[in-house]
Amino acid sequence: MLTWNPFNPMTAAPKWFFDAWEYTVDAAQRQILFMDVLRKRGNNYIEHLRNGQPPVLTFHYEMILDGRTFEKPVNFALVRIVDRRHEDGGGREGAERRAGDRRKAPEIPKRPIVIIDPRAGHGPGIGGSKRDSEIGMALDHGHPVYFILFYTEPMPGQTLKHVVAAEERFIEEVVRRHPESGNPAIMGNCQAGWASALLCADRPDIAGPLILNGAPMSYWAGVSGVNPMRYKGGMLGGVWLTSMLCDLGNGKFDGANLVSNFESLNPANTLWSKNYRVYSEIDTEEDRFLNFEKWWGGFYLMNAEEIHFIVSNLFVGNKLEQGTLELHEGEPLSLKNIQSPIVVFASKGDNITPPQQALEWIPRVYRSIDEIRGLGQVIVYIIHEDIGHLGIFVAASVAKKEHKEIIRSSEMIDFLPPGLYEMVIEGDVAKGDYTTHFEERTLEDIIALGDSPETEEDFSIVAQVSEFNDRMYRSFAGPWVKAATSELSAEMMRWLHPLRLQRYAISDMNPALRHLGAAAAQVRAHRKPAREGNPFSACEKSLSTFTEQWLDYYRDCRDRGQESLFRAVYGHEALHYTSIAAGTLKALTGEKEAEMSWEDYETWLRQRWVEDAGKGGLAEGLVRAMIAMARVGGVIGRRHYAVAAEIAKTHKVLRKIRPAVFRRMVKEQYCILAADEERALEALRGLIPGEHDRDEALAMARRIALADGSYREQEKAMLAKIARGLGIDPAEPAENKLLKFTGEKRM
């Protein structure tokens, strides 16, 4: 056969012919292989259905509690991950830990971590679908890991209230199994984030740190022209459409409808990019694509009562943020009830839960930083620059950085001074040479992320229109739809859903594709990919880029049009006048409750802690002295925490205190210092009567100040204040006493 040779005049001219032939063979082979990958996806989908759609976890687990056996059954279950990972890790950090094991005090058992995956159309397992995942990072750091999973079919009569009650029982069981570790950290992904917040607000006594990953908490928040999903409820007229879909589903809502909404947000990825990536890189992308599609194509069902409560109260009504959501009749839940620290992880690249929807609830629930501090609350947030919504849960790069540091810092966060912080990770993450610290932030920093609150007034109109439309549908159209629906028609509608149809239609169920598997095997045996630099391959990539750009342009035009129409309809004066009239009538009839003025409330918060300044004993005094030093400067690093933790584990008094009691003591002392620092420090001599103990308290404070290797001017000033509060003269004799406890030698 004649082959092309650039130095042979007989073959130099038709080089384009060889490139075209090479590309044609490659493209034809890729087409066959791509269709075979879709066939495998369809087969996997059918097999997954036959197996009952189990979680897509890569970790082994054991059943602890099955919610289907409860008095009020739900399709949720609590399992424990039984896999074990090397706790020490690798690199410098692991070496330092192993080297110090012999000289350190026995470790306090690490708190368990409970991971809850979203029930938003898909099945469970995304939090542990890879070895480098949330579960993997928790196992790496030696935490007992529990997972709350759920099954495809909801139990008859199951409501969101029953689900929350079952999850509370699960957490109680974890607390019972780990009495010495403190309450478990609860990690909620996406929809499971607000469900976890409901749990923690309803039962703050059993909850540890709450970690919200990509969780939509403020459904009305966003930036004009950027966050189009928040307009969908209004464009569809509210919750009535959900009610109709439930009626057509014979009392059940098909999760495939939610997945369709997610896919419609990014048509370029749904219609082109996702499949083209597999087609263009068919030799390496098959496994990744099939593993993801196994989860993405696992469509789960919800009862009509559940999805109606979620859409009307959360998506449209936004009642969780407003503190008017009633899980128990007559008892509105407030996020202020949450007493454990809260960590919020969001991303600027997330178009489903943008940072505004993940964070804006904070300035809506708390009126000032002083209120957060007065309530003893700690809120930490971390914002990724570009990762997408699903990447928050499945990207290995995120697991090795953000999730690793969140889990690694879960114990430290418990001891931060009350307030609002941003977690900052600096350094080379790839090489493991990086540091994490917490910087104080204000509510204005969060408010600046989105539009002004006034832009959300139109959404309150949507909530009222939605309620009216739903009442009209349920009164007039709903009974006819229910009468025309049966379980057979509901099941037919589910199987004819486009997302299901595209899977089983390209599978071995289709007789027209009977020989596709054999053809693909022949292609793999004789695979001839095009050479790097083939001009026809470059043209293909250019065409793909062009297609993506046009689909993105269509998306942008569609989103701008929907936003303009939304503002034109719900921003109309007639609807706003109706809303104002309804609000005025409510005020005249006395339905609006009287609220304490902000000045009185702020005074009350401060006074409750000032009165406790003189209460306590030696332990409270030692903790107060260390905290006073740790809170200097508004930036708290891991080294400060490590020194304080070492002191707490080795001190003859502090080491006898149970972890849960110690955490509560730390929070109380933070609040006392924040309320009136001068009075709190003056009370130290009353809390610590012994001269030896006072010297020791000052030495502990000095160790905290020297955690980063040097004194700052602010730390020197605080050390002098602590010394005066202890009744110690900060002159040379006192310095000599300090040397005894720090182990230093005078030069």
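Residue positions are counted from 1 within each chain, in the order its sequence is given. Only residues with pLDDT of 70 or above have their local features reported here, since the model is predicted, and side-chain atom pairs are shown and tallied only from 80 upward, although totals for entire chains, interfaces and linings are computed over all residues. Hydrogens and water are ignored here; the side-chain numbers use all heavy atoms of the structure.

Draft legend 1. Region of interest: the overall build of the chain. Helix and strand definitions follow DSSP, with helices as H or I runs of at least four residues and strands as E runs of at least two, each counted in order from the N terminus. For the chain, the count of helices and strands is 35 helices and 15 strands. Accessible area is worked out with a 1.4 Å probe on protein chains only. A residue is then buried under 20% of its type maximum, exposed over 50%, and partly exposed in between. Within the chain, the fraction of its 747 residues that count as buried is 50%. In what follows, a contact means two residues having at least one pair of non-hydrogen atoms within 4.5 Å. For the chain, contacts bridging at least 24 residues in sequence account for 79% of all contacts bridging at least 6. Residue burial considers only the protein chains on display, and all accessible areas are found by Shrake-Rupley using a 1.4 Å probe. Accessible surface, the chain as shown: approximately 34800 Å² in total, 56% of it carbon and sulfur.

Draft legend 2. Inspection of unusual backbone geometry at higher detail. Positive phi outside glycine occurs at cysteine 190, with the angle close to 55 degrees. The exposure class of cysteine 190 is buried, given its relative accessible area of 8%. The backbone of asparagine 250 sits at a positive phi, close to 60 degrees, despite the residue not being glycine. If you trace the backbone, asparagine 250 turns up in the loop between helix 8 (240–248) and strand 7 (252–254).

Draft legend 3. Molecular detail of the side chain of serine 544. Mapping serine 544 onto the fold places it in helix 25 (residues 535–570). Among all residues touching serine 544, those that are not within four sequence positions of it are Trp272 and Tyr276.

Draft legend 4. Expanded view of the nonpolar core. What makes a nonpolar core is a set of buried Ala, Val, Leu, Ile, Met, Phe, Trp, Tyr and Cys residues whose side-chain atoms join them at distances within 4.5 Å. Formed by 77 residues in total, the largest nonpolar core has its most connected members in Trp194, Trp361 and Ile362. With residues near it in sequence (within four places) discarded, isoleucine 362 still touches Ile372, Ile379, Leu420, Leu443 and Ile446. Counting 55 residues, the second largest nonpolar core, distinct from the first, contains Leu139, Cys190, Tyr421 and Leu499.

Draft legend 5. Just the packing of aromatic side chains, in detail. The criterion for an aromatic pair is that two Phe, Tyr or Trp rings (for Trp, the six-membered ring) have centres within 6.5 Å, with stacked assigned to planes under 30 degrees apart, edge-to-face to planes over 60 apart and tilted to the rest. Following the criterion strictly, the structure yields 22 aromatic pairs and no others. Taking 6.3 Å as the distance between ring centres and 85 degrees as the angle between the ring planes, the aromatic pair formed by phenylalanine 34 and tyrosine 279 counts as edge-to-face. Placement of the pair is phenylalanine 34 in helix 2 (residues 15–50) and tyrosine 279 in helix 10 (residues 267–280), with a sequence separation of 245 residues. Here a set of aromatic residues connected by ring pairs shows up, and it is made of Trp220, Tyr231, Phe459, Phe566 and Tyr570. Charge over a ring is defined by NZ of Lys or CZ of Arg lying within 6 Å of the ring centre and within 35 degrees of the ring normal. Looking at arginine 169, its charged tip hangs above the ring of phenylalanine 70, at a distance of 3.9 Å from the centre.

Draft legend 6. A look at the pairing of strand 13 (residues 419–428). Judged by how many residues are buried, strand 13 sits mostly within the fold: 7 of 10 residues are covered. In this sheet, strand 13 lies alongside strand 12 (residues 378–384) in parallel orientation, the contact comprising 4 bridges. Along strand 13, the bridge assignment pairs valine 380 with tyrosine 421. For two strands to be treated as a pair, DSSP must find at least two bridges joining them. Bridging between strand 13 and strand 14 (residues 433–440) involves 8 bridges; their strand directions are antiparallel. Its bridge partner lying in strand 14, glutamate 422 is registered against glutamate 439.

Draft legend 7. Region of the structure containing the environment of phenylalanine 147. Looking at the element boundaries, phenylalanine 147 is found in strand 4 (residues 145–150). Using a relative accessible area of 0% as the deciding quantity, one classes phenylalanine 147 as buried. Once you skip the residues sitting within four places of it in the chain, phenylalanine 147 turns out to touch Leu57, Ala77, Leu78, Val79, Ile81, Ile115, Asp117, Pro124, Gly125 and Ile135.

Draft legend 8. Structural detail: the environment of isoleucine 413. Secondary-structure assignment places isoleucine 413 in helix 19 (residues 410–413). Owing to a relative accessible area of 1%, isoleucine 413 belongs among the buried residues under this scheme. Measuring from C-alpha to C-alpha, the distance between isoleucine 413 and proline 209 comes to 8.0 Å, with 204 residues separating the pair along the chain. When near neighbours in sequence (up to four residues on either side) are disregarded, isoleucine 413 contacts Pro341, Val343, Val378, Val380, Met423 and Phe438.

Draft legend 9. Examining the environment of histidine 572 more closely. If you trace the backbone, histidine 572 turns up in the loop between helix 25 and helix 26 (573–588). The spatial distance from the C-alpha of histidine 572 to the C-alpha of aspartate 458 is 8.8 Å, given a sequence separation of 114 residues.

Draft legend 10. Region of interest: the pattern of salt bridges. For this analysis, a salt bridge means a side-chain nitrogen from Lys or Arg found within 4 Å of a carboxyl oxygen belonging to Asp or Glu. What the rule picks out here adds up to 50 salt bridges. The partner of lysine 274 in a salt bridge is glutamate 293, with the nearest N and O atoms 3.4 Å apart. One end of the pair, lysine 274, is in helix 10; the other, glutamate 293, is in helix 11 (residues 286–296), with 19 residues separating them in the sequence. Taking the relative accessible area as the measure of exposure, lysine 274 reaches 16% and is therefore buried. Judged by relative accessible area, glutamate 293 falls into the buried class, the value being 3%. Across the pair arginine 524 and glutamate 286 runs a salt bridge whose closest N-O atoms are separated by 3.4 Å.

Draft legend 11. Broad picture of the packing of helix 2 against helix 24 (residues 516–525). Running from N to C, helix 2 and helix 24 point in directions that differ by 135 degrees, and their axes come no closer than 9 Å. The pairing of helix 2 with helix 24 is recorded here as oblique in orientation. The element helix 2 and its partner helix 24 pack so that their crossing is left-handed. On helix 24, the residues that touch Gln29, Ile32, Leu33, Met35, Asp36, Arg39 and Lys40 of helix 2 are Leu516, Gly517, Ala519, Ala520, Val523 and Arg524. A breakdown of the residues in the contact of helix 2 with helix 24 according to their chemical character gives 7 nonpolar, 2 polar and 4 charged. All axes here are fitted lines through C-alpha atoms, helices being fitted over the stretch that makes contact, and every angle between N-to-C directions spans 0 to 180 degrees. Angles below 35 degrees are treated as roughly parallel, those above 145 as roughly antiparallel, those between 65 and 115 as roughly perpendicular, and all remaining angles as oblique. Crossings are sorted by hand: turned counterclockwise from the far helix by less than a right angle, the near helix makes the crossing left-handed, and turned clockwise it makes it right-handed. Polar here means any residue other than Ala, Val, Leu, Ile, Met, Phe, Trp, Tyr, Cys and Pro, which are nonpolar, and Asp, Glu, Lys and Arg, which are charged; Gly is therefore polar.

Draft legend 12. Summary view of the pairing of strand 3 (residues 113–116). Side chains Ile113 and Ile115 of strand 3 all project onto a buried face; the interleaved residues Val114 and Ile116 project onto the opposite face, where all are buried too. Note that strand 3 and strand 4 share 4 bridges and pair parallel. Bridged to isoleucine 113 within strand 4 is valine 145. In this region the chain leaves strand 3, passes through helix 4 (residues 134–140) and returns to the parallel neighbour strand 4; the handedness of that crossover is right-handed. Direction of pairing for strand 3 relative to strand 5 (residues 185–189): parallel, over a ladder of 4 bridges. The partner of isoleucine 116 across the bridge, within strand 5, is glycine 188. The handedness of a crossover follows from its direction of travel: if, with the strands pointing away from the viewer, the path from the first strand over the helix to the second runs clockwise, the crossover is right-handed.

Draft legend 13. Representation of the confidence of the model for the chain within the structure. pLDDT is defined as a per-residue confidence score from the predictor, taking values between 0 and 100. Per-residue confidence for the chain gives a mean pLDDT of 85; residues scoring 70 or more make up 87%. Under a pLDDT of 50 for its full length, residues 584–594 has, in the predicted model, 2 contacts with residues more than four places off or in other chains. Ignoring residues within four places in sequence, the model shows residues 732–747, a span with pLDDT below 50, making 22 contacts including any to other chains.

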